[in-house]
Amino acid sequence: MKRARICLIAMLMVVLWLVSARAGGAEPDWRGVIVARGAERDQIESTEILDRPYRPLHFYGNTVRRQYYRGRATPTLRDFTRGTAALVTRR
């Protein structure tokens, strides 16, 4: 009986881990373009704000996405690092 309970708890933990990993993967990535022009601008503006990529210096959109995906609006050190890296690499 005790062994069955341990197996059930372990399986539940694995399922929860897989679900949380999948949910975290839905967050958009960073793009290094601060001011988008032409077709890229049209594509960004036609995308829902929650699905748009994070971009350096776009405080409102980045804050809305952080609040939605993470439950908190304040940026982390990782956000500053990724934003700077995106700006340097210009994807």
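Details of the structure are given in the entry above.
In this report, the structure presented in the accompanying data block is examined. Just so you know, these numbers come straight off a predicted model, no measurement behind them.

Calculation rules
- Residues numbered from 1 in each chain as written.
- Predicted model: local features only at pLDDT ≥ 70, side-chain atom pairs only at ≥ 80, totals over all residues.
- Heavy atoms only, no water.
- Helix = DSSP H or I, 4+ residues; strand = E, 2+ residues; numbered from the N terminus.
- Contact = heavy atoms within 4.5 Å.
- Areas by Shrake-Rupley, 256 points an atom, 1.4 Å probe, with all protein chains shown as cover.
- Phe/Tyr/Trp six-rings, centres within 6.5 Å; stacked < 30°, edge-to-face > 60°.
- Buried < 20%, exposed > 50% of the residue type's maximum accessible area, 1.4 Å probe, protein only.
- Lys NZ or Arg CZ within 6 Å of the ring centre and 35° of its normal.
- Expected span 1.5 Å × (residues − 1).
- Arc of directions from axis to C-beta.
- Salt bridge = Lys/Arg side-chain N within 4 Å of Asp/Glu carboxyl O.

Quick look at the overall build of the chain
Then, number 1: On a plain count of helices and strands, the chain comes out with four helices and zero strands.
Then, number 2: Ordered by position from the N terminus, the helices and strands of the chain form the series α-α-α-α.
Then, number 3: Across the chain, the fraction of contacts at a sequence separation of at least 24, relative to all contacts at a separation of at least 6, is 46%.
Then, number 4: Entry remark: accessible area of the chain is about 7,200 Å², with carbon and sulfur atoms responsible for 64%.

Points about the packing of aromatic side chains
Then, number 1: A full pass over the atoms with the stated rule returns two aromatic pairs.
Then, number 2: On the numbers, 5.3 Å between centres and 25 degrees between planes, the contact of W30 with Y54 is stacked. Of this pair, W30 sits in the loop between α1 (2-24) and α2 (38-45) while Y54 sits in the loop between α2 and α3 (59-70), placing them 24 residues apart in sequence. Comparing W30 with Y54, the two get one shared label, buried.
Then, number 3: An angle of 85 degrees between the planes, with centres 5.0 Å apart, marks the rings of Y68 and Y69 as edge-to-face.
Then, number 4: Stacked on the ring of Y54, the Lys or Arg R65 has its end atom at 5.2 Å from the ring centre.

Topic: helix α4 (residues 77-89)
The periodicity of an α-helix, 3.6 residues per turn, causes residues three or four places apart in sequence to face the same way.
Then, number 1: The end-to-end C-alpha distance of α4 is 18 Å, a good match for the 18 Å that 13 residues give at a rise of 1.5 Å each.
Then, number 2: Residues of α4 that are buried include every one of D79, G83 and A86, and no others. Looking down the long axis of α4, one finds its buried residues gathered within 65 degrees of arc, a one-sided arrangement. Those residues of α4 that are exposed and angled more than 90 degrees off the buried face are L77, R78, F80, V88 and T89.
Then, number 3: Summarising the contacts, the buried residues of α4 are in contact with α3.

A look at the pattern of salt bridges
Then, number 1: Taken as a whole and judged by the stated rule, the model has four salt bridges.
Then, number 2: A salt bridge links E27 to R70, with the shortest nitrogen-to-oxygen separation between them at 2.9 Å. Placement of the pair is E27 in the loop between α1 and α2 and R70 in helix α3, with a sequence separation of 43 residues.
Then, number 3: Judged by relative accessible area, which is 32%, R70 ranks as partly exposed.
Then, number 4: One salt bridge in this structure joins R31 and E40, with 3.3 Å as the shortest N-O distance.
Then, number 5: Residue class for R31 comes out partly exposed when judged on its relative accessible area of 22%.
Then, number 6: When salt bridges with common partners are traced through the structure, they connect E27, R70 and D79 into a single cluster.

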